[in-house]
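Chain by chain, the residues run as shown.
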Amino acid sequence: MLTTTCFPATAELNAVLERLRVRPTHSHLDEALSILFSPNSNALHSPYAYPILFHACARLSCIGVGQSLHKHMIKHNPDAIQDLYTANHLINMYSKCRRLDCARQLFDQMHCRNIVSWASLISGYAQCGDPDTCFSLISDMQLALCKPNDFVYASMLSACNGFRGRQVHAHALKTGCSFFVHVGNALIGMYTSNIQMSVHCSDNEAWKIFSDMEFRNLVTWNAMIGGFQKSGQCDKAMSFFVKMHSDGLGFDCVTLVTVLSLLCGVKEHDVSWSPRCCSQLHCIILKTGFLLDVELVTALIKAYSFLDGNVGECYRLFLEFRGCRDIVLWTEIMAAFSEKEPEVALSLFSHLNRKGFVPDSYAFSVALKACAGFVTERHALMLHCRVIKAGFIDCVVLENALMHAYGRCGSMTEARKVFDEMRLRDTVSWNSILKTYAFHGKPEEALKLFENINVELDGTTFVALLSACSHTGMVEEGFRVFNSMTQKYGVAPQLDHYACMVDLLGRAGQIFQAVKLVREMPMQPDCVVWSALLAGCRKHSEHRLATIAASKLKELDRGNSLGYVTMSNTYLSLNNFDEARLVRKQMKEHGVRKEPGLSWTEIGGRIHEFASGGQRHNLGEAIRASLQDLVKQLKKLGYIPQTSLVLHDIEEEQKEEQLYYHSEKLALMFVLMNSNDPHCKSGVIRIMKNIRICLDCHNFMKITSGLIQKRIVVRDSNRFHHFTSGMCSCNDYW
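- As annotated in an unreviewed UniProt entry, the protein carries the name DYW domain-containing protein and comes from Cuscuta campestris.
- UniProt, in its Sequence similarities (unreviewed entry) section for the protein, records the words "Belongs to the PPR family. PCMP-H subfamily."

Put into structure tokens, the structure is as follows:
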């Protein structure tokens, strides 16, 4: 407790200083400073006042205030700097605030130093990631006959790599400091950060340290859980947490955030148990009252969004949060909506601006990701302006996001313009523009651009190139790219590369070569590989192989409707209606639902959604009637409905009607019905579809583009189709 004098000002200052010592806050610091700097104050300031104020400045990162206090002390109490306790606090403040030049200058001027002086300076250099100076200081420290303590070792370990960390570990063992709990915690943190944790506990340095520790605290357990998470061993991390909970060891927000984060990193085959774990963690958070922590709520929203895409639960958490929302929480809720409901994500982005938050680069990148889900580039253009006004010029992350948004909205020109104007390009930049060319069916441009790449390539680069070749049937070029991965670039093919090659061969009709590739793969094929083979078999009527591929797909992913639907359609095409009904029954019993075909178009700034049959739109009846008139005109120009695509035991006339009311046809008809609207005066009609466009709709769009003399751009789940004057950019190969 500070000693008070007879002066009221000093008594008041000491009372405030005591509160500041116990709980440093900005308000307590401001109150103390107002008394200290008062022109009417004649208080003889206690020599212990400055250390408390310097300590508060260090805790609150108020370097400007700390420097003013330093000057005030030199002017009004010049002898205070000679006090070792005060000087140590001053060095600590400069070190914590990363002003190592000032800290080192004070340290060098000290006539007398103790272990705290050395530890404060070493901690500052460690915090700034300068292990060289840390090692130099610890050598000087020992020459000065000052023995390192547990705090020095813990500080140094935070800045060390694996090699130097082992040296510090050995030194700590010699001096007996390795048995201190925070040194053990620092050792676990160092080893898990720099050395991959083995799946065998006996080979883990971190595990050995954990096992040898006589006393462990919450930080110890958190460090081990974090280490398992970093090495991808989510099951062990979860087992650690379960043991903590069952043994009554307790946990804190750090524990829960780490466990929620590891749920977002689970492998595909582990996702089934993760939503259940997420719900259980949510219950624990509610019971323990941690739901007021903004970081924890942010992690919970991210976990729900990643695991089952439950944006409703995410939004409920966001709305019910009673704490102070920060920009990270706003950005995470935007990210949850960015893919499934992009219009809500952009609405949230506007709302956070109205709340006075200043979007950072990550918030802008999430908003741009949402723009990629719209039919037109209108939103991306507006957000591009906002990015420039916010001063994020030459921000590579945002330029990459802009390329992706423009490319997915169909504006190849704007995407290439962003790429050409970039001063610096990373691997993601090149991958983004290559994927854009692939999505638009321009393999020649992609391959030409690939020759000029001047950055390190990764697996995504080759996925983009192989996809481009696949969409246009460039089998030989695709094999050349695939073989060059290991031979020329040292990139080992993974499952997604094999899936691209199977897709390439399947589309080209080389089904048996695709099967051969699947059999010779160095790893077990996953759902994507079997889906690619299945698509090729369906396209070229290889019913036997299609059934095998569908069965494999059902085994690997029972929730995927593709395997069931393909088997049912195969039986229907062979007029085996009983077997088809049996497959549909199995599908229903397993709770598997086929994804409905949906299409979207934009008129007057409003998104209109269409489902097959036209039941989702309030003008469905009028659209269907107008569509019938259009079909009559198209039949005169050579349109023949592909009724063989309707695999149901119904009359031919009913099959034609089913084809007419596919969602993309309804969307097109709606745009034509609104042709007098000012927003529909452009020469381009844009439609987005969630699944692959069928052969009949493809032919329909081609003939319609010639009839109305407008360009029709359809973005399906695989690629863009640009229909102009009765032709398609895909050359009928998709």
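Once the structure has been displayed, the description carries forward.
### Quick notes on the sheet that holds strand 4 (residues 711-715)
Phase 1 of the analysis: Reading across the sheet, the six strands line up as 2-1-3-4-5-6 and stay open at both edges, with mixed pairing between neighbours. Edge positions in the sheet fall to strand 2 (606-611) and strand 6 (727-728), since each of these pairs with one other strand and no more.
Phase 2 of the analysis: One ladder, built from four bridges, connects strand 4 with strand 5 (residues 720-724); its direction is antiparallel. Along strand 5, the bridge assignment pairs Val-714 with His-721.

### Quick word on the pairing of strand 5
Phase 1 of the analysis: Taking burial as the measure, the five residues of strand 5 include four buried ones, the bulk of the element.
Phase 2 of the analysis: Counted along the chain from strand 4 to the antiparallel partner strand 5, the turn is four residues long.
Phase 3 of the analysis: Hairpin connection, strand 5 to strand 6: the antiparallel pair is bridged by two residues, and Ser-725 has positive phi, about 50°.

### Side note on the side chain of Thr-331
Phase 1 of the analysis: Its location among the elements puts Thr-331 in helix 19 (residues 327-337).
Phase 2 of the analysis: Residue Thr-331 is classed as buried on the basis of its relative accessible area, which comes to 2%.
Phase 3 of the analysis: In contact with Thr-331, other than residues within four places in its own chain, are Tyr-362, Ala-363 and Val-366.

### Some thoughts on empty space enclosed by the protein
Think of a ball as big as a water molecule: rolled over the atoms, this probe shows where empty space is left.
Phase 1 of the analysis: This structure, assessed with the given rule, holds one cavity of 30 Å³ or more.
Phase 2 of the analysis: Of the voids in this model, the largest cavity is the one considered here, and its volume is about 40 Å³.
Phase 3 of the analysis: Together, Val-375, Cys-409, Arg-686, Ile-687, Met-688, Val-713, Arg-715 and Phe-720 line the largest cavity.
Phase 4 of the analysis: Here the element with the most residues in the lining of the largest cavity is strand 3 (residues 684-689); it accounts for three residues.
Phase 5 of the analysis: Per-class residue counts for the lining of the largest cavity are six nonpolar, no polar and two charged.

### A look at helix 7 (residues 115-127)
Phase 1 of the analysis: In a regular helix each residue adds 1.5 Å, so 13 residues correspond to 18 Å; helix 7 covers 18 Å between its end C-alpha atoms and thus fits that length.
Phase 2 of the analysis: In terms of residue burial, helix 7 counts as a mostly covered element, since 10 of its 13 residues are buried.
Phase 3 of the analysis: Restricting attention to buried positions, one finds in helix 7 the residues Ser-117, Trp-118, Ala-119, Ser-120, Leu-121, Ile-122, Ser-123, Gly-124, Tyr-125 and Ala-126.
Phase 4 of the analysis: The elements touched by buried residues of helix 7 are helix 5 (84-96), helix 6 (100-109), helix 8 (131-143) and helix 9 (150-157).
Phase 5 of the analysis: Between the side-chain oxygen at the start of helix 7 and the backbone nitrogen of Val-116 there is a gap of 3.1 Å, and the oxygen is on Asn-114.

Cut-off values and rules
- Numbers given to residues run from 1 along each chain, matching the order in which its sequence is written.
- Local features in a predicted model are, by the rule used here, given only for residues with pLDDT of at least 70; side-chain atom pairs are given and counted only at 80 or more, and totals for whole chains, interfaces and linings are based on all residues.
- Side-chain metrics rest on all non-hydrogen atoms present in the structure, leaving aside hydrogens and water.
- UniProt positions are given in the numbering used here, feature names are shortened, and annotations may be inferred rather than shown by experiment.
- Should DSSP find at least two bridges between two strands, the strands are regarded as paired.
- Strands are runs of DSSP state E lasting at least 2 residues, helices are runs of H or I lasting at least 4, and numbering of each runs from the N terminus.
- A simple rule labels every residue: compare its accessible area, found with a 1.4 Å probe on the protein chains alone, to the largest value its type can have, and call it buried under 20%, exposed over 50%, or partly exposed in between.
- Residue contacts follow a heavy-atom distance rule, with two residues in contact if any of their heavy atoms lie within 4.5 Å.
- Both cavities and pockets are sets of points on a 1 Å grid over the protein atoms alone; in a cavity a 1.4 Å probe fits but cannot get out, in a pocket the set is open with protein on both sides within 12 Å along at least five of seven lines, and lining residues sit with an atom within 4 Å of a point.
- Grid points are joined across faces, edges and corners, and a volume is the space filled by probe spheres set on the points.
- Each residue gets one label: Ala, Val, Leu, Ile, Met, Phe, Trp, Tyr, Cys and Pro are nonpolar, Asp, Glu, Lys and Arg are charged, and the others, such as Gly, are polar.
- The span expected for a helix works out to 1.5 Å for each residue beyond the first.
- Contacts described as polar in this section are N or O atom pairs within 3.5 Å, which, within protein, must combine one atom able to donate a hydrogen with one able to accept it, while residues neighboring in sequence count only if both atoms come from side chains.

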